[in-house]
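Structural overview for review
What follows is each chain in one-letter form.
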Amino acid sequence: MSGGGCSVRAIWILTPHDSVAFSRRFAVVEKRWRASWEAEGGGGGEGDGWAAGAPTPSQLPADHEVAAAFAERRKREGTARGSGIRTSLSSVGSDSWVDDPITRHVISLHIAKEGSVGFMIWPVVLQKRGGYYVLVLPLVDPQSFRAYGNLLKRSDCGSSGKENGNLSSILLNLPCITGAFMVAHVIGDIITGDIAEPEVIVNSGPSVGGLLDSLTGSIGISARSKPTAAPVAAPTASVSSPVGAAQSESLKGGVRPFDKDILRNFIIGAMPFGTPQDLNYANVNSIRTTGYSGDPLPTDQKQPAWKPYLYKGRQRILFSSLETIHAALYDRDDVSDFLSVSGQVTCRAELEGLPDVSLPLTGLKTARVEVSSFHHCVQASEPTDNKQTLVFQPPLGNFVLMHYQAPCNIAPPVKGFYQLSMVSENEGAFLFKLTLMEGYKSPFIMDFCMITMPFPRRRVASYDGNPSIGTVSMTEHSIEWRIVSSGRGLSGRSIEATFPGTVRFLPRTAQRTNSSFRSVSSAAYAEDSDSEQDNVKNGASLDDYIMEKINKDLQAVDLEEPLSWQAYNYAKVSFKITGGTLSGLTIDPKSVNIYPSVKAPAEYSMQASSGDYILWNTLGKCPTAVLPREI
């Protein structure tokens, strides 16, 4: 990725205990910062620091000064003001005084100096990853810096969206903010070890033959082999082992340690002299280990920086559509169901040289795509009729060609109703009546499907009931019904599944000790909203965190609602479907063109899985405005 006009003055990584774990300053960018202020006549203007006439700092603050300023900001902003909205407790000069939620992510730090006037650094892009706080300070012009300083002193609360002097208008004129967010994001991926390439699925072909496929398909069962991930290109060095080795060490201070040498080497290669050139970790690592390709290129072609070497070997191009469907099904006349699809098209182009690839996206009218974004190497034409053409020069390895959002244009893969009611304090009766894959024909295949009934406030003692299909198991706080098992998918027809039964819970007296312990331990999460999110990532699991919050915050409930609170009154559906897209947006591999023309087969696979796919209890309360992923 190109820097796009972004230059970074400094990077800091802070721990939850307000100490600096890593820092990097760029002297070249800092010299440009100083020169721009001198060209403007110095830093003695209004809004430059804490007070009018405050001088521009001669150098960036020390690590301990940044840590102290960040700790002071967390304490000053607090939980309510941490949302970026001005309250009665907000003070002049604080980020919340600007009254804009973006100040949760683009913050200012007030640096205190002993024996001299303090100063402010802005804009500091903040991102929390793996328990760490990643701070990136990009280079901005003095006019934008002064404009933000003036916002810190305004007496009115907020400003009109059409007003030129508001924070949004300032940030929109600063492309470095976007670049700084990308830098913070990739640094967060490195320190958490989340630097794997996106998945590209390739069909491995039938394992037994077309005869068995046709026989099993006619009765609704598929014997086709499951898709497998494409292998990683040989020249690309593995990046998971050193990061994983660092993360496998014992936890220190509640966060996982990261390899500073890996991060330092990445910064040197990705953003020399503080200007981001390529933020793709695999490319930067390949340049360090392999170097640029020495193969001669045609005189009319220029090798891009994001393709450091050329591919050699068997040529092919792979595309995968990976969709996630979110749903809230109520089975009520007075409440409408919610269905939405988010998807991405991933690509892996194993092509020699520097060819251009063009392909048409089909089904645009059917898909009714609401939001789409493309990889920076893509040139997308204006949509016409039901197609849109994409032209791109593919980078190495796996990459996401596009992201999109669209409604689900066919019937829900799993639909029906779920009912749960209490017959006594420790026993409940439930009923499922579902239909799977109604209206779905070959080549759609449901690889697996499972229903989970969560009981976060009660411990399951036993259950009684026999489903019409599938197997049932239970955990401490849930019952799991596996309707379709992996390895024997459902294809070619729909099925109906019912599951009536009862569930019994341990008496509440057996849970009071654990509940009181959770209530005490959950106090650690009550400091502020930032610490809550960090402890979820670095302390116990999300389920444990939810249990602690439930037992801490909830009041006693009536017998009619003893199991659930608001969004927990549901059953969750998990499934995976291959062979088609739920949105209708597809790629025709036969229409893929490569220039210069080469014999490279194009393969295309499609997969859909469930995200937040919820069956609400039709006998309970249904909060239509809240989905579980928003809790």
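Everything quoted here is computed from the prediction, not taken from an experiment.

Moving on, we get to the pattern of salt bridges. Applying the stated criterion across every chain, the model contains 14 salt bridges. Among the ionic pairs, Arg-9 bridges to Glu-30, the shortest N-O distance being 2.9 Å. Note that Arg-9 is positioned in strand β1 (residues 8–14) and Glu-30 in helix α1 (residues 27–39), a separation of 21 residues in sequence. Looking at Arg-9, the relative accessible area reads 2%, which means it is buried. Take Glu-30: its relative accessible area is 10%, and that puts it in the buried class. Of the charged contacts in the structure, one is a salt bridge between Asp-447 and Lys-576, with a shortest N-O distance of 3.9 Å. Note that Asp-447 is positioned in strand β18 (residues 445–454) and Lys-576 in strand β24 (residues 570–578), a separation of 129 residues in sequence. A residue is classified by how much of its surface remains accessible, and Lys-576, at 21% relative accessible area, is partly exposed.

Bringing the sheet that holds strand β3 (residues 106–111) into the picture now. The 5 strands lie next to each other as β2-β1-β5-β4-β3, forming an open sheet whose pairing is antiparallel. With partners counted over all chains shown, the strands left at the sheet margins are β2 (20–25) and β3, one partner each. Across the sheet, the axes of successive neighbouring strands diverge by a mean angle of 25°, strand direction being ignored. Sheet analysis places β1 next to strand β5 (residues 132–138), joined by 6 bridges and oriented antiparallel. Along β5, the bridge assignment pairs Trp-12 with Leu-135.

This part takes up the pairing of strand β4 (residues 119–129). For a regular strand, side-chain orientation follows a simple rule: the groups alternate between the two sheet faces. Counting buried residues along β4, 11 of its 11 residues qualify, which places the element largely inside the surrounding structure. Pairing of β3 with β4 involves 5 bridges; the strand directions are antiparallel. Bridging across to β4, Leu-109 finds its partner in Ile-121. Relative to β5, β4 is paired through 5 bridges, and the arrangement is antiparallel. Bridge assignment links Lys-128 to a residue of β5, and that residue is Tyr-133.

A cis amide bond links Trp-122 to the next residue, Pro-123, at an omega of -5°. At Asp-18, a residue that is not glycine, the phi angle is positive and equals roughly 60°. With respect to the secondary-structure elements, Asp-18 resides in the loop between β1 and β2. Residue Asp-18 is classed as partly exposed on the basis of its relative accessible area of 26%.

The next thing to look at is α1. Here α1 contains 13 residues, and its C-alpha end-to-end distance of 18 Å stays within 8% of the 18 Å for a straight helix at 1.5 Å per residue. Buried-residue contacts for α1 involve β1 and α3 (142–151).

For the rest of this paragraph, the subject is the nonpolar core. One finds Trp-122, Ile-187, Leu-263 and Phe-266 to be the most contacted residues of the largest nonpolar core, which totals 49 residues. Looking at which element gives the most residues to this core, the answer is helix α5 (residues 176–192), with 9 residues. Apart from the residues lying within four places of it in its own chain, the contact partners of Phe-266 are Val-186, Ile-190, Met-271, Leu-279, Asn-280, Tyr-281 and Val-284. One finds Val-472, Phe-505, Ile-577 and Tyr-613 within the second-largest nonpolar core, a separate group that totals 41 residues.

Quick look at the packing of aromatic side chains now. When we look at a pair of aromatic rings, we describe it by the centre distance and by the angle of the planes. All told, the structure shown has 18 aromatic pairs when counted by the stated rule. The interplanar angle of 5° and the centroid separation of 4.3 Å between the aromatic rings of Trp-122 and Tyr-148 together place this pair among those described as stacked. With Trp-122 in strand β4 and Tyr-148 in helix α3, this pair connects stretches of sequence that are 26 residues apart. Here Trp-122 and Tyr-148 have matching classes, each one buried. Here the aromatic cluster, defined as three or more aromatic residues joined through ring pairs, consists of Tyr-418, Phe-430, Phe-432, Trp-481 and Phe-499. Sitting over the face of the ring of Trp-33, Arg-9 holds its NZ or CZ atom 4.0 Å from the ring centroid. The ring of Trp-97 carries the charged tip of Arg-86 above its face, separated from the ring centre by 3.8 Å.

Turning next to the confidence of the model for the chain. Chain-level statistics for the chain give a pLDDT mean of 77 and a share of 73% at 70 or above. Overall, residues 204–252 carries pLDDT values under 50, and its contacts beyond four positions in sequence, including any with other chains, amount to 78 contacts. Here residues 624–631 scores under 50 on pLDDT; set against residues more than four positions off or in separate chains, the count is 16 contacts.

To continue, consider the packing of α1 against α3. Between α1 and α3, the least distance of the axes is 10 Å, while the angle of their chain directions is 75°. With respect to their mutual orientation, α1 and α3 come out roughly perpendicular. Of α3, the residues touching α1 (which contributes Trp-33, Ser-36 and Trp-37) are Pro-142, Phe-145 and Arg-146. Its residues placed into classes, the contact of α1 with α3 shows 4 nonpolar, 1 polar and 1 charged.

So, how was this worked out
Residues numbered from 1 in each chain as written. Predicted model: local features only at pLDDT ≥ 70, side-chain atom pairs only at ≥ 80, totals over all residues. Heavy atoms only, no water. Salt bridge = Lys/Arg side-chain N within 4 Å of Asp/Glu carboxyl O. Helix = DSSP H or I, 4+ residues; strand = E, 2+ residues; numbered from the N terminus. Buried < 20%, exposed > 50% of the residue type's maximum accessible area, 1.4 Å probe, protein only. Pairing = 2+ DSSP bridges. Axes fitted to C-alpha atoms, helices over the stretch in contact; angles between N-to-C directions. Expected span 1.5 Å × (residues − 1). Contact = heavy atoms within 4.5 Å. Core = buried A, V, L, I, M, F, W, Y, C linked by side-chain atoms within 4.5 Å. Phe/Tyr/Trp six-rings, centres within 6.5 Å; stacked < 30°, edge-to-face > 60°. Lys NZ or Arg CZ within 6 Å of the ring centre and 35° of its normal. pLDDT = per-residue confidence, 0-100. Parallel < 35°, antiparallel > 145°, perpendicular 65-115°, else oblique. Nonpolar A, V, L, I, M, F, W, Y, C, P; charged D, E, K, R; others polar.

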